[in-house]
Amino acid sequence: MLRALYTFLVIAALSALAIWLADNPGHLVLDWRGYEVRTSFVVGLLLLVGVALLVLLVYRLSAGLLRSPANVSSFLDQRRRRRGFLALSRGMVAVAAGDAAEAKRHAAQARKLLDETPLTLLLSAQAAQLDGQEEAATKSFEAMLASPETAFLGLRGLFVQARRAGDRDRALDIARRAFRMRPKTAWAAEAVFEIETAEEDWASALRTLDAKLSAKLLARDEARRQRMVLLTAQAMTAAEAARAQAGEAKRAAQEKALSLALQAVALDAGFVPAVALAARLCGLTGRVRKGAKLIEDAWALEPHPDLAEAFMDLVEGESGYDRFKRMRILAGHNRDHIESRIALARAAIGARDWLAARGALEGLVGEGAAEAPSQRICELMAEIEEGEHGNRGAAREWLARALHAPEDADWTGEGWRSHSWSPINPVTGEFDALEWKAPGQRLLPVMRQGAGAPAPVAVAAEAAKAEAPPAPEAEAPHELRPQLEEDEAVAFAPPLPDDPGPAAPDEFGGFAEGDMEGERKW
């Protein structure tokens, strides 16, 4: 409606102007070089407008002719760029599809049409990588370093190349350059931290951790955990270095290691590796009470074999009886935990208090046991039988059960299991990757049928025996056959290790007197 009204007003205005000019025709006189031209004002105005349009047309034609070479060149450039970007797109698709030949062909075409733009260099590098031409890919990435716009991308490509080649030093140098260039880039920070920890450069890793935290690349809880592990690793390195020294230098190195371990404990009082290390260093530097307090606090949170081991070794030259007295205090902080019972049994064996040792393991073996005893418990029972009654036959039976008993927990990571904690996985080099856990799938053994009340059968083995059809008896190893009863349900015959159990001085697997101090048996 408004547009129609606007059009009507414009027509009305023009009509009014035409009427006004018709009522006031006037005269236009042009006198030039003796010639006189007379016409009306309206006709003169129309002639003037026509001449102006003619001049404008001539100007535009002349300018177009003058600019025609540039226009032709621009058209050709645009056409070349369109073709270049089309080749670039097809090359990227070929790289994604894994077609090396097609990717190289489109990369060459894009480089010819677009020169060495960042995308053409990237496509050339990726095509060379796909074709296995590592040198050509490296040259393309190095060419990117010349331009500030592509330098970071080039560093990323060179880092990948160095990592594929296994050149850790070059990869670390490139990652550090990239991290300095863009401190808030996650891949650069993680790459630097990963390589520094894999090389056990704990001081540099701590500085990188601070930089990551400043750049807000990780949460504070995660940073706290990583700092705790790094401090523990530093303390372990310092403690190891102190062993090779003597006198005041050794004392100073132990104090430094203790300071680092205590910093780690301050971040988490329940972190077992840090607490155990700090307690051992306290014992070496004469701070026995402080070391005991550290272990007791951690034991109250979660008992652990490493803590028990450190607690037993806290006092140098201590008698077995005094050690047993101290262990009773530690076990009292978490009395019903299985680790408390095992630690108390080990200490009692060291003190040759066989009654206390059996009492500590009561409920973990025999009819009242909720589950089959683990390897450690079987080995402890063998040691008790040998030490208390000299019953080598019973000790041998317990050692035979230990061969296929459920395994105890270990520090476990990808492709790695160990009784000792490490800040990195020695197989993969991954930082803080070890967990304390038992193997997920293990055969639960059947209790031997001896004199007296029959021992319980493992639930899993009993269920398998009830449901599975009868199968021919598997041929057990020769050494194992005399140790198995006919009614024992064995899913498979486990391979015998080189060392079937704790050290034995005789053919029955007994224990030497020196083994009765309660060392940890695995």
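Provided above is the structure to which this section pertains.
A brief look at the structure comes next. This structure is a prediction, so every number in the text was calculated from the model and none was measured. The residue count restarts for each chain, going from 1 along the sequence in the order it is written. At least 70 in pLDDT is required for a residue's local features to be given in this predicted model, at least 80 for side-chain atom pairs to be given and counted, and no such filter applies to totals for whole chains, interfaces and linings, which use all residues. Values shown for side chains rest on all heavy atoms present in the structure; no hydrogens or waters enter the calculation.

**Quick notes on a nonpolar patch on the surface**
- Here the term patch refers to residues with relative accessible area over 30% and no salt bridge, with like charges joined within 9 Å and nonpolar side chains (Val, Leu, Ile, Met, Phe, Trp, Tyr) within 5 Å. To measure how exposed things are, a 1.4 Å probe is used in the Shrake-Rupley method; for residues, cover is taken only from the protein chains shown. Whenever a carboxyl oxygen of Asp or Glu lies within 4 Å of a side-chain nitrogen of Lys or Arg, that contact is scored as a salt bridge. Nonpolar side chains collect at one region of the surface, where Phe-41, Val-42, Leu-45, Leu-46, Leu-48, Val-49, Leu-53, Leu-56 and Tyr-59 lie side by side and expose about 900 Å² of accessible area between them.
- By definition, any uninterrupted DSSP run of H or I lasting at least four residues is a helix, any uninterrupted run of E lasting at least two residues is a strand, and each is numbered from the N terminus. Along the polypeptide, Leu-46 turns up in helix α2 (residues 41-97).
- Note on exposure labels: buried denotes an accessible area under 20% of the residue type's maximum, exposed denotes more than 50%, and partly exposed covers the range between, all computed with a 1.4 Å probe on protein chains only. Looking at Leu-46, the relative accessible area reads 60%, which means it is exposed.

**A closer look at the sheet that holds strand β3 (residues 410-413)**
- Only strands joined by at least two bridges in the DSSP assignment are considered to pair. With respect to topology, three strands assemble into an open sheet ordered β4-β3-β5, the strand pairing being antiparallel. Sheet topology places β4 (416-418) and β5 (435-437) at the edges, where each strand pairs with a single neighbour. With direction set aside, neighbouring strand axes in the sheet form an average angle of 35 degrees.
- When β3 meets β5, the two strands line up antiparallel, connected through three bridges. What sits directly across from Asp-410, in β5, is Lys-437. The axes used here are C-alpha line fits, helices contributing only the stretch in contact, and every angle between their N-to-C directions lies in the interval 0 to 180 degrees.

**Things to note about a positive patch on the surface**
- When charges are counted, neither His nor the chain ends are considered; positive counts come from Lys and Arg and negative counts from Asp and Glu. Taken as the charge centre is NZ of Lys, CZ of Arg, CG of Asp or CD of Glu, depending on the residue. On the surface, a cluster of positive charge is contributed by Arg-79, Arg-82, Arg-83 and Lys-112.
- Top contributing element to the positive patch by residue count: α2, with three residues.
- Summarising the element assignment, Arg-83 is placed in helix α2.
- We classify Arg-83 as partly exposed; its relative accessible area is 44%.

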